[in-house]
Every structure is written in C-alpha cells, then in structure tokens.
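Examining the three-dimensional arrangement
Each chain, letter by letter, is given below.
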Amino acid sequence: MSENVRESDAHAGGPGLWDEVTAWLDAHWDPDLSVDEWWRVVAGAGWTVPHFEVEQGGRGLPRRSQATVRAAFAEFGALRPPGGLGLLMAAPTILTQGNPEQIARLVPPIIEGQVAWCQLFSEPGAGSDLAGLSTRATRDGDRWIISGQKVWSSQAMGSDYGMLLARTDVDAPKHGGISWFAFELDQPGVTIRPLREMTGQALFNEVFLDEAVCDDRDLIGGEGNGWAVTQATLHFERTGIGAGGAMAGFPEPGPEGGMLGRTAGDAAHDRPPVTTRVVGFPEVTALAKETGRSDDPLLRQKLARLHTYTELGRWNALRGKAEIARGGGIGVTSIGKLTQTRIMKLAAEVGLDILGPDGGLIGPDGHNGGQFSEAFVFAPASSIYGGTDEIQRNIVAERALGLPRDPRPDRSLPFRDLAR
Ligand SMILES: Cc1cc2nc3c(=O)[nH]c(=O)nc-3n(C[C@H](O)[C@H](O)[C@H](O)COP(=O)(O)OP(=O)(O)OC[C@H]3O[C@@H](n4cnc5c(N)ncnc54)[C@H](O)[C@@H]3O)c2cc1C
C-alpha cells in the first residue's frame, strides 16, 4: 500500500512530502505520550488535515496529501491521525459556513480528535428527497426544541455531536425552512438504536429525538439557510468519498472511541480495523502478488481496468479542483463519487476472483480477517450513501450538462401544504 501511495507522492503535495513527514516524525514521535496529547501535537503541526488552509489548521496541500501523510505515519510506526465524519464533513462545513465564534469553539476539538461526529440528515421519509425532511425544531428563547426521527445514521452510537437538519419553518417552501445544527447527542431527549447490516456489523443507527434541546449558538449558517449549508456538507462528503476514503479505517476520535487515554505507542501497534470496508487498486494488486496470480493474463486485464478507473478518478479530482478554482465544477464531485463507487465494486469483485472459495470466509477465518469478503458485501452501499448513483447522474445531467430538469411542483408551495 505504502509503495503505491509513495508512487503517487508527486501528485499529493510535492515529491518531498513523504520525506518531510518522516523527518518530522523522527523529531516528534513520542510513544509515551497519551493519544490525547499526541493527536494535539499532530494537529498543531497541520498533519491531521494537511489539505486545509494553514489558518484553518492545515498545510494548504492538495486533498490527496492526506492519504500520503497517513501512509507515511503508518510506515514509520507512529499512531496515525484520527478519522471520522467530523473531519470529513463537519469541520469543513463549519469552517465555510459558521461564524468565527463557532469555528473557534467547534473545529479544533474535531481536528485534535477529541470529539466524534455523525451525520443526522436522512429520515424514514426523506433520503434522496432530503429537502422533504420533517424533523421539527421550534424556537424556545435562546434554544431550540427538536423532535423527529433520523435513520441510517452511521456511527451515531459513540458520537458526541450530530450534523442535524431540522425544519424550523413549515410555512416556507421545503428547501427554505431547514436549518443545520451542531447537535449534542448526550442528552435525555435522544435515543439511538443500532441497525445491523448484511456485513454482520452495525454501522448504522436510527436516532429518535423527543423534545431534544439545541442551543441557538449551535445553529450553523443562520436560521432557514440549512439547505445551502447542506450543499456544502454534501460537497465535502462526495469529494471525500471520491478521493477514496471517507475517513474510514482510521483510529476513532472522541471519548467513546476508547483511544484518548491510552499511550500513543500502545495504540500505534493496534492492528488496523480488520477492514476499512474499502479496497482499491493497491490492496488488490498486493493480493495478486501475494497469491502468485499477478501473471494471470485475465486477471491482469481486470487489474488494468481497475487501474484505469483509479487514474480517471484522480484526474477527475484534479479537474474538479481546477474548475472550482475557476468558479465552476458543478457535477465534478458527483462524477468523482460515481467513479469511486465503480472502483469499490470492481476491486471487491476482483479480490474475490483471486481468492476463489476462500473469499467466502468472513471474520478471522477469512483472508486478512475477511477483508475482501466484507468489502464485497459492503460495496453495494457505495451506490447509496452520500446520495444514490441515480441522484448523482441527475445532478450531472441537470446542473452540468443543462438537460431539462424534472418537474418539481413542490418547490414553491409552503411545506405544510405538501402532500406527504
Ligand atoms: C452505508 C450507508 C451509510 C449511510 N450513512 C448515512 C449517515 O451517516 N447519515 C445520513 O443522514 N444518511 C446516511 N445514509 C443514508 C443515505 O444517504 C440514503 O440511504 C440515500 O440518500 C437514499 O435515500 P433512501 O434510502 O431514502 O432511498 P430513496 O430516496 O427512497 O430512493 C430509493 C430508490 O429510488 C431512486 N430515486 C429516488 N429519487 C430519484 C430521482 N429523483 N431520480 C431517479 N431515481 C430516484 C434512488 O436512486 C433509489 O434507487 C447512509 C446510507 C448507507 C447505505
């Protein structure tokens, strides 16, 4: 894995990035620090989010630098920076949509791995049609009282905060009456129940809100402006997924993740989670070499296709960055997400091809703890989370290619008058 990351080093922040990280680790890695202390040191040096601007806690490097930095940490034997949805979505959303007080209060704990976040967007009746959500937030002085139900909330169990969408105005059209809250989960009005998936694990949860409370100072981007803030969050989610990781498989941030009180040296020796549920070209080529199949011509064709998709994804990300810098880029993040979905599915399939019957084993009996078999049963989810393939194609068709939009008679009616 690290060799492949090293090969693409030149695309990920300059040819010297790997060496710079290694030199920094030589000077700073201290296995006797607590994880809590180590993550603060790493965050202070900008290595947790090297792709953020310097004044935002990063190093102003390209997005792909994050993968290079983390691979260099792993090869050095140092504890990698934390992962989680807070880094992927909440921090960049608050940085771009929050006010200075919110940024100063909410973002540093995310970058330092002190808190874990989940995304409380989807509801039983609002997935693709997210703007149809019906969780209600009612103002009560300087706080909001929130009731409703969320579902498919990844990692909600174990999170401290949720990126919560709630309807604050039922008289406005559906896109206009939504607000985005930084919502504290540990309170009496919140019930979280895990949902088991076909992987055998319970990544998802359903979250019930019964007169839960949120402080007005935690409303991000202004009352009724939640749809615009949501577009920012979805952009960061899809760009992160398109970049190939969505921050899965890294050490869990926050008190519930169980890492903070341990020593960094001890935590660095943890075997990485059995699977990140994401496999790609590096993992599959390593498997082909390891099993002596890398000369098989049929397999090589599939590997070549996988490599092609991977390179297309990388070029698309570079194009997206350039187009966004020029003020455009609509649709590029959706293409990136679609490409990554294709990579995940093909990589898992080729992995199982290589393993043959052994690929059917999940858990400790499977190859590398069942990495490829679990990736295979998880891969279909990539066509759903972060917005389905159909929705990504609609975005590309309507907003990038200018094809006629679906009729949307509900866009101008007050939400309370919509048939639901
Ligand atoms: C692994 C995973 C993790 C997730 N994590 C989270 C999370 O942390 N937080 C969160 O809030 N949500 C999460 N989700 C939920 C996810 O965002 C929704 O499942 C997704 O947006 C689809 O919504 P839905 O399930 O309600 O399906 P629906 O919206 O009911 O869609 C059903 C089918 O109809 C199609 N469809 C719907 N509308 C259109 C249209 N206009 N044009 C063409 N086709 C259409 C869809 O493509 C789909 O095939 C997660 C989902 C998965 C699978």
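Quick look at the structure, then. Small disclaimer: the values here were computed from a predicted structure and weren't measured. The residue numbering used here restarts from 1 in each chain and proceeds along that chain's sequence as written. pLDDT decides what is reported in this predicted model: residues at 70 or higher carry local features, side-chain atom pairs at 80 or more are listed and counted, and totals for whole chains, interfaces and linings draw on all residues regardless. Side-chain numbers here rest on the full set of heavy atoms in the structure, without hydrogens or water.

1. Observations regarding the overall build of the chain
In plain terms, the rule: The secondary structure listing takes helices from DSSP runs of H or I that are at least 4 residues long and strands from runs of E that are at least 2 residues long, numbered from the N terminus. Burial classification: accessible surface area is computed with a 1.4 Å probe over protein chains only, and a residue below 20% of its type maximum counts as buried, one above 50% as exposed, and the rest as partly exposed. Using a 1.4 Å probe, accessible areas were evaluated by the Shrake-Rupley method; residue-level cover was limited to the displayed protein chains. When charges are counted, Lys and Arg contribute as positive and Asp and Glu as negative, whereas His and the chain ends are disregarded. For charged residues, the charge sits on one atom: NZ in Lys, CZ in Arg, CG in Asp, CD in Glu.
When its secondary structure is counted, the chain shows 13 helices and eight strands. With respect to the three principal axes, the spread of C-alpha positions in the chain is 65 × 50 × 45 Å. A burial count over the chain gives 49% of its 420 residues as buried. Of the accessible surface of the chain, which amounts to about 19000 Å², a share of 53% is contributed by carbon and sulfur atoms. For the chain, the centre of its 40 positive side-chain charges and the centre of its 54 negative side-chain charges are spaced 7 Å apart.

2. Remarks on a nonpolar patch on the surface
Our working definition: Only residues whose relative accessible area exceeds 30% and that take part in no salt bridge are eligible for patches, with like-charged residues grouped when within 9 Å of each other and nonpolar side chains (Val, Leu, Ile, Met, Phe, Trp, Tyr) grouped when within 5 Å. By definition, a salt bridge exists where a carboxyl oxygen of Asp or Glu is found within 4 Å of a side-chain nitrogen of Lys or Arg.
On the surface, Leu 312, Trp 315 and Leu 318 cluster together into a nonpolar patch covering about 310 Å² of accessible area. Relative to the assigned elements, Trp 315 resides in helix H10 (residues 297–325).

3. Let's talk about the environment of Glu 390
Structurally, Glu 390 can be placed in helix H13 (residues 389–400). Considering only alpha carbons, one finds Glu 390 and Gly 98, 292 residues apart in sequence, at a separation of 31 Å.

4. What about the pattern of salt bridges?
The tally for this structure, following the rule as stated, stands at 20 salt bridges. Note that Arg 40 is salt-bridged to Asp 36, the shortest N-O span being 3.1 Å. Here Arg 40 and its partner Asp 36 are both found in helix H3 (residues 35–44), four residues apart, which amounts to about one turn of the helix. Looking at Arg 40, the relative accessible area reads 40%, which means it is partly exposed. Take Asp 36: its relative accessible area is 21%, and that puts it in the partly exposed class. Here Asp 296 ties to Arg 293 by a salt bridge, and the two come within 2.8 Å at their closest N and O atoms. In this structure Asp 296 comes out as partly exposed when scored by relative accessible area, which is 23%.

5. With respect to the site of the ligand
Heads up, the condition is: Throughout this document, a residue counts as near a molecule or strand when at least one of its heavy atoms sits within 4 Å of that molecule or strand. Under this definition, polar contacts are N or O atom pairs within 3.5 Å; protein pairs additionally need one hydrogen-donor-capable and one acceptor-capable atom, and for neighbouring residues in sequence, both atoms have to be side-chain atoms. When residue character is reported, Ala, Val, Leu, Ile, Met, Phe, Trp, Tyr, Cys and Pro are called nonpolar, Asp, Glu, Lys and Arg charged, and the others, Gly included, polar.
Taken together, 16 residues surround the ligand, and among them Ser 122, Ser 128, Trp 152, Thr 388 and Glu 390 come closest. A distance of 2.7 Å separates an oxygen atom of the ligand from a polar atom in the backbone of Ser 122. In the environment of the ligand, an oxygen atom lies 2.6 Å from a nitrogen or oxygen atom belonging to the side chain of Ser 128. Contact with the protein chains hides 67% of the accessible area of the ligand, taken as 980 Å² for the molecule alone. In terms of residue count, the dominant contributor to the shell around the ligand is H13 (three residues). Along the lines of polarity and charge, the residues of the shell around the ligand split into seven nonpolar, eight polar and one charged.

6. As for the nonpolar core
Put simply, the rule is: Among the buried residues, those of types Ala, Val, Leu, Ile, Met, Phe, Trp, Tyr and Cys that are joined through side-chain atoms within 4.5 Å form a nonpolar core. Throughout, a contact is declared for two residues whenever any of their heavy atoms are within 4.5 Å.
Core analysis: the largest hydrophobic core is formed by 31 residues, its most contacted members being Trp 117, Met 163 and Trp 180. At the level of elements, helix H5 (85–97), helix H6 (100–111), strand S4 (161–167), strand S5 (178–184) and helix H7 (226–242) are the ones that each hand at least two residues to this core. At eight residues, H5 tops the list of elements feeding residues into this core. Dropping the residues within four chain positions of it, Met 163 is found in contact with Leu 85, Met 89, Ala 90, Trp 117, Cys 118, Gln 119, Leu 120, Phe 121, Trp 180, Phe 181 and Thr 233. In this structure, Leu 33, Val 35, Met 259 and Ala 267 belong to the second largest nonpolar core, which totals 24 residues.

7. Focus: the packing of aromatic side chains
This is how it is decided: Stacked, edge-to-face and tilted labels apply to pairs of Phe, Tyr and Trp rings (six-membered ring for Trp) whose centres lie within 6.5 Å, assigned for plane angles under 30 degrees, over 60, and everything in between, in that order.
According to the stated counting rule, one finds nine aromatic pairs in the structure shown. A ring pair is formed by Trp 24 and Trp 47, whose centres lie 6.3 Å apart and whose planes are at 70°; its orientation type is edge-to-face. Residue Trp 24 is located in helix H2 (residues 17–28), and its partner Trp 47 is located in the loop between H3 and helix H4 (65–76); the two are separated by 23 residues in the primary sequence. A relative accessible area of 13% means that Trp 24 is categorised as buried. With a centroid separation of 5.7 Å and an interplanar angle of 65°, the aromatic rings of Trp 144 and Phe 181 are classed as edge-to-face. Residue Trp 144 is found in strand S3 (residues 143–150), and its partner Phe 181 is found in strand S5; the two are separated by 37 residues along the sequence. Here Trp 144 matches Phe 181 in class, with each residue buried. Counting every residue linked through ring pairs, the aromatic cluster contains Trp 24, Trp 29, Trp 38, Trp 47 and Phe 73.

8. A few points about the packing of H2 against H4
Quick note on the threshold: Helix axes are fitted only over the stretch in contact, all axes being lines through C-alpha atoms; the angle between N-to-C directions runs from 0 to 180 degrees. Should an angle fall under 35 degrees it is called roughly parallel, over 145 degrees roughly antiparallel, and 65 to 115 degrees roughly perpendicular, with every other angle called oblique. What makes a crossing left-handed is the near helix being turned counterclockwise from the far one by less than a right angle; a clockwise turn instead makes it right-handed.
H4 packs onto H2 with a crossing angle of 45° between their chain directions and a minimal axis gap of 9 Å. Here H4 runs oblique to H2, going by the angle between their axes. Regarding H2 and H4, the two cross each other, and that crossing is right-handed. Of the residues in H4, those in contact with Leu 17, Trp 18, Val 21, Thr 22, Trp 24, Leu 25 and Asp 26 of H2 are Ser 65, Thr 68, Val 69, Ala 71, Ala 72, Phe 73, Glu 75 and Phe 76. Here the residues of the contact of H2 with H4 sort into 10 nonpolar, three polar and two charged.

9. A closer look at a negative patch on the surface
On the surface, Asp 142, Glu 184, Asp 186, Asp 215 and Glu 256 cluster together to form a negatively charged patch. Mapped onto the elements of the fold, Asp 215 is located in strand S7 (residues 204–215).

10. Topic: the layout of surface pockets
To keep things clear, this is the line we draw: Grid points spaced at 1 Å and placed over the protein atoms alone form the basis of the search, with a cavity being a set where a 1.4 Å probe fits but cannot get out and a pocket an open set showing protein on both sides within 12 Å along at least five of seven lines. Lining residues have an atom within 4 Å of a point. Grid points are joined across faces, edges and corners, and a volume is the space filled by probe spheres set on the points.
There is about 1000 Å³ of room inside the second largest pocket. In terms of lining residues, the second largest pocket is bounded by 40 residues, among which His 235, Phe 236, Thr 239, Ile 324 and Thr 333 are the most central. Looking at the lining of the second largest pocket, the elements with two or more residues in it are H5, H7, H10, helix H11 (332–355) and H13. Considered class by class, the residues forming the lining of the second largest pocket number 16 nonpolar, 18 polar and six charged.

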